[in-house]
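# Commentary on secondary and tertiary structure
Residue-level listing of the chains:
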Amino acid sequence: MHHETPFTHILVPTDGSENSNHAGRLAATMSAIHDARLTIAYVVDDTIVDEIASATRKNRESTIRELEEKGRHYIDFIARIAKRKDVRHEEVIRHGTPYREIADLAREIDVRLIVIGRVGCRGPRCALLGSVAERVIEYAPCPVLVVNQDPSAPPPRF
């Protein structure tokens with residue numbers, strides 16, 4: 001008996017971290033199982049652009065270009081997994097505050113599930129912001145699945 005899946009469109013944001021890649025693998029697998037569309041997204045973080053630009057005395061444009069290049073690389077890694085699993089997917093690069101862009105994108109393209117890697121937060125802004133995943137949970141229009149380990153690894157034994 002074939003039930004209609006609630007997860008018709010899955011969004012996986014990536015920042016190139018290991019947890020993001022785990023999230024990407026899980027999102028691709030779930031998309032294949034649910035016959036869902038997968039959108040893979042990267043956000044060029046405005047605050048990071050400013051920090052890099054001021055630290056390296058590069059202009060904002062070339063800093064943005066470099067980050068977009070990295071983002072394309074990160075997206076590509078997950079896109080290859082999606083292709084292997086025969087999953088329909090789109091690739092999106094946005095600019096702004098990551099959690100806000102992710103939540104807005106999910107709303108705009110009618111995403112039904114966000115799969116996101118839990119990224120440890122470092123630096124002075126952290127106490128203030130919490131991790132991106134936590135903010136996404138707060139603002140997302142849909143369920144959020146937070147991934148903090150390799151989905152293909154055996155579960156920990158207690």
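Residues numbered from 1 in each chain as written. Predicted model: local features only at pLDDT ≥ 70, side-chain atom pairs only at ≥ 80, totals over all residues. Heavy atoms only, no water.

Let us now look at the sheet that holds strand β5 (residues 144-147). With parallel pairing, the five strands of this open sheet are ordered in space as β3-β2-β1-β4-β5. Edge positions in the sheet fall to β3 (89-96) and β5, since each has one partner strand and no second. The average undirected angle you get between the axes of adjacent strands in this sheet is 25°. In terms of strand pairing, strand β2 (residues 37-45) meets β3 through eight bridges, oriented parallel. Of the residues in β3, the one forming a bridge with Ile 40 is Glu 91. (Pairing = 2+ DSSP bridges. Helix = DSSP H or I, 4+ residues; strand = E, 2+ residues; numbered from the N terminus. Axes fitted to C-alpha atoms, helices over the stretch in contact; angles between N-to-C directions.)

Right, let's talk about the packing of helix α4 (residues 98-108) against helix α6 (residues 132-139) for a bit. Contact pair α4 / α6: the axes reach a minimum separation of 9 Å and the direction vectors enclose 40°. Relative to α6, the element α4 lies oblique. You can see that α4 and α6 cross each other, and the crossing is right-handed. The segment α4 lies against α6, with Pro 98, Tyr 99, Ile 102, Ala 103 and Arg 107 engaging Val 132, Arg 135, Val 136 and Tyr 139. (Parallel < 35°, antiparallel > 145°, perpendicular 65-115°, else oblique. Left-handed = near helix turned anticlockwise from the far one by under 90°. Contact = heavy atoms within 4.5 Å.)

A word on the pattern of salt bridges. In this structure the tally under the stated criterion is twelve salt bridges. For the salt bridge of Asp 50 with Arg 60, the shortest nitrogen-to-oxygen distance reads 2.9 Å. Taken together, the positions of Asp 50 in helix α2 (residues 46-56) and Arg 60 in helix α3 (residues 60-84) put the pair ten residues apart, joining distant regions of the chain. Note on Arg 60: relative accessible area 36%, which makes it partly exposed. A salt bridge links Glu 66 to Lys 58; the shortest N-O distance between them is 3.4 Å. One network of salt bridges, in which partners are shared, links Arg 94, Glu 101 and Glu 108. (Salt bridge = Lys/Arg side-chain N within 4 Å of Asp/Glu carboxyl O. Buried < 20%, exposed > 50% of the residue type's maximum accessible area, 1.4 Å probe, protein only.)

Attention now goes to the packing of α2 against α3. One can describe the packing of α2 onto α3 by two numbers: an axis separation of 9 Å at closest approach and a directional angle of 125°. Our classification of the angle between α2 and α3 gives oblique. Crossing handedness for the pair α2 and α3: right-handed. Contacts from Asp 46, Ile 48, Val 49, Asp 50, Ile 52 and Ala 53 in α2 reach Arg 60, Thr 63, Ile 64 and Leu 67 in α3.

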